[in-house]
Structure formats: C-alpha cells, structure tokens
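# Structure assessment
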Amino acid sequence: MEGVWVFLGADTVIFGILFVSFMWDRQKNPALFEASRHTLNANLGGIDTLILLTSSWFVVLAMQALARSDIHRESRFLLSGAITGLMFVVSKSFEYFQKFAHGINPSTNPFFTWYFALTGIHLLHVIVGTGLLGFLWTRSRRGGHHHLTGPVSESVASYWHLVDLLWIVLFPLLYLMKAV
Amino acid sequence: MPVLRQRVTWVWLGLLGLTGLTTWVLPKDLFSPAVAVVGTFLTAAVKVRYVVLDFMELRGAPIGVRAAFEAWPFVVATIILGLLFATAVHT
C-alpha cells in the first residue's frame, strides 16, 4: 500500500500546484474570471458533489463488507459506487455539451482554458476510477477473491476517495469563488 | 450493524449538508462576498478532513501520512484565499 499512498500524495500535490496556478492567473484578470464564472451552472456542480460524496460512501460500505467477507453486500455497494461514478461522467458530459452549444471552448478565454483543463483532468480520474470499481464488481460477482483482493480493493477505494477529495476543492474554486 | 447507525453514514449525511450550505445558502446575498468565500473554502477544508479521516480511514495511519493529508486542504485553502484577497487589494 505504500506505493499507492506515494501516488495519491503526489496527485494531491500536483492538483494543489494547479489550484494555486489558477489563482495566480486569476490575479491578472479578476474581472474576466468573475464574469466567466457566472456562466457556469453551480447547481449542476453542487449536484455533482452530492453524487461523488454518495459514491465514496458506497465504496466505504463495500470495503466494510469485504472486511466481513460479506461478498454479496460488497458486490452490491461496488456496483452502486460504479453507477454513481457513471452518473458524474454523464453530468459532466452534459455540462460540456451545454458549453460547446453556446460556443464556449478551451480557447474562449484563460478562465475556460483552466475550466476545461482542471475539470477534464479530474474527469479522467473519475473515468479511471469508475472503470476500476466496475472491474472490482465484476471480480466480486465471479467470486474471484484471493490474497491480493484486499490490498487491490483498498487501493482502488483510496484512489476513489481522492477523486472525491479533489472535487471538493475544485468545485468552489471554479463555480463558487466570488470576487471580494 | 445497520448502515444507518454507522458513523460513516452520519459523516456522509453531514458532508451532504455542508455541500448544500456552500452551494445554495452561502452564495445568497444574505452574506458579504468575503464571508461567503471564506466560509466556502473553510467548509471545503473541513469536508476534505472528514473524507481523509472517515472515508480514507487515515485516523490510524502513521502520523506523517495523516498530518500531510490533513494539512493539504488547509494549506491549499489558505493560499487560495490569500491570493484572492491580495487581488482584491490591488484592484
């Protein structure tokens, strides 16, 4: 698990640097960033947060079931985690579609370059995590448990919580941060 | 133990509540932008702390790992708010 924690730690540091870089760029044109922020759908962003938090909760429950060797419940909670991950992907795709339909893309202005870059990198994390949860669910359903299952499942769960954690900061940074 | 009686379920419900507060209450005009934005980022840092301790289960991790993951949201939020207020002073 040590290697996993190094990876997760490095990921949080990289995202931390990206968040600070966004703020640094914002200083150059705060009025543009504030005006652009108002075009984002904060309600949708809030719902995305609720979805990811719920997905993380399902994964915690799946790990607890795994610890009790309750494979039936583990499988059910893993599937719920994967489905909620998929819901986030669908919601974000809908949001991107809306932006493109209104002629907004990464080259529109520096705010939207950051918006698409940060949410895009995060979305890639969500897609990978959803795939891994789906993989664990499939293995669980087939009864493919062996001595590696615990560490692998715990690593995927920790990664999934990291995805949640990053969004908790990313959401207010892009959608909620008012000019003061 | 039933799911509804577990600590993690109460933590999850609390996190949903805090999300509702920062998304649909703090942005209202009842609060000044400074109060809203500081409240929003402090709440985000607290939410991350609960995810780290209760979802990632780092409560019993070695002190170095736990300290690093617990410090991260507060360090990031402090820098973000510092740069935000520095921008406000210069404009």
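Bear in mind the structure is a predicted one, so any value in this text is a computation, not a measurement.

## Some words on the interface of chain A and chain B
- Listed by partner, the interface residues are 44 residues for chain A and 40 residues for chain B.
- Buried area between chain A and chain B, both sides added, is near 3,700 Å², and the carbon and sulfur share of it is 80%.
- Taken together, chain A and chain B are joined by 0 salt bridges.
- Inspection of the region where chain A meets chain B yields 7 residue pairs in polar contact (both at pLDDT 80 or more).
- Going through the elements one at a time, helix H1 (2–28), helix H3 (42–67), helix H4 (71–101) and helix H6 (149–176) of chain A are the ones with two or more residues in the side of chain A that touches chain B.
- A total of 13 residues in the side of chain A that touches chain B trace back to one element, the largest contributor, which is H3(A).
- Of the residues contributing to the side of chain A that touches chain B, the split by class is 28 nonpolar, 12 polar and 4 charged.

## Here we look at a nonpolar patch on the surface
- On the surface, A:Ile47, B:Leu21, B:Trp24, B:Val25, B:Leu30, B:Phe31 and B:Val35 cluster together into a nonpolar patch covering about 600 Å² of accessible area.
- Take the nonpolar patch: its biggest share by element is 3 residues, from helix H1 (residues 7–25) of chain B.
- By the secondary structure assignment, B:Leu30 is in the loop between H1 and helix H2 (33–55).

## What to know about the packing of aromatic side chains
- Applying the stated criterion across every chain, the model contains 22 aromatic pairs over all chains.
- Aromatic pair A:Phe19 and B:Trp72: ring centres 6.4 Å apart, planes at 50 degrees, arrangement tilted. With A:Phe19 in helix H1 and B:Trp72 in helix H3 (residues 63–90), this residue pair bridges two chains.
- Aromatic side chains A:Phe88 and A:Trp167 sit 5.3 Å apart centroid to centroid with 85 degrees between the ring planes, which places their arrangement in the edge-to-face category. In this pair, A:Phe88 is assigned in helix H4 and A:Trp167 in helix H6, connecting sequence segments 79 residues apart. For the pair A:Phe88 and A:Trp167, a shared accessibility class is recorded, and that class is buried.
- The lysine or arginine in question, A:Arg76, covers the ring of A:Phe77, its NZ or CZ lying 5.5 Å from the ring centre.

## Notes on the layout of surface pockets
- Considered as a void within the structure, the largest pocket measures approximately 240 Å³ in volume.
- A:Met63, A:Glu154, A:Ser158, B:Met56 and B:Glu57 are, among the 14 residues lining the largest pocket, the residues nearest its centre.
- Where the lining of the largest pocket is concerned, the elements lending two or more residues are H3 and H6 of chain A.
- At 5 residues, the largest contribution of residues to the lining of the largest pocket is made by H3(A).

Conventions used here
- Residues numbered from 1 in each chain as written.
- Chains lettered and ligands numbered in written order.
- Predicted model: local features only at pLDDT ≥ 70, side-chain atom pairs only at ≥ 80, totals over all residues.
- Heavy atoms only, no water.
- Contact = heavy atoms within 4.5 Å.
- Buried area = accessible area lost by both parts, 1.4 Å probe.
- Salt bridge = Lys/Arg side-chain N within 4 Å of Asp/Glu carboxyl O.
- Polar contact = N/O pair within 3.5 Å; in protein donor to acceptor, adjacent residues only side chain to side chain.
- Helix = DSSP H or I, 4+ residues; strand = E, 2+ residues; numbered from the N terminus.
- Nonpolar A, V, L, I, M, F, W, Y, C, P; charged D, E, K, R; others polar.
- Patch = residues over 30% accessible without salt bridge, like charges linked within 9 Å, V, L, I, M, F, W, Y side chains within 5 Å.
- Areas by Shrake-Rupley, 256 points an atom, 1.4 Å probe, with all protein chains shown as cover.
- Phe/Tyr/Trp six-rings, centres within 6.5 Å; stacked < 30°, edge-to-face > 60°.
- Buried < 20%, exposed > 50% of the residue type's maximum accessible area, 1.4 Å probe, protein only.
- Lys NZ or Arg CZ within 6 Å of the ring centre and 35° of its normal.
- 1 Å grid on protein atoms, 1.4 Å probe; cavity = no way out; pocket = protein on both sides within 12 Å on 5 of 7 lines; lining within 4 Å.
- Points joined across faces, edges and corners; volume = space filled by probe spheres on them.

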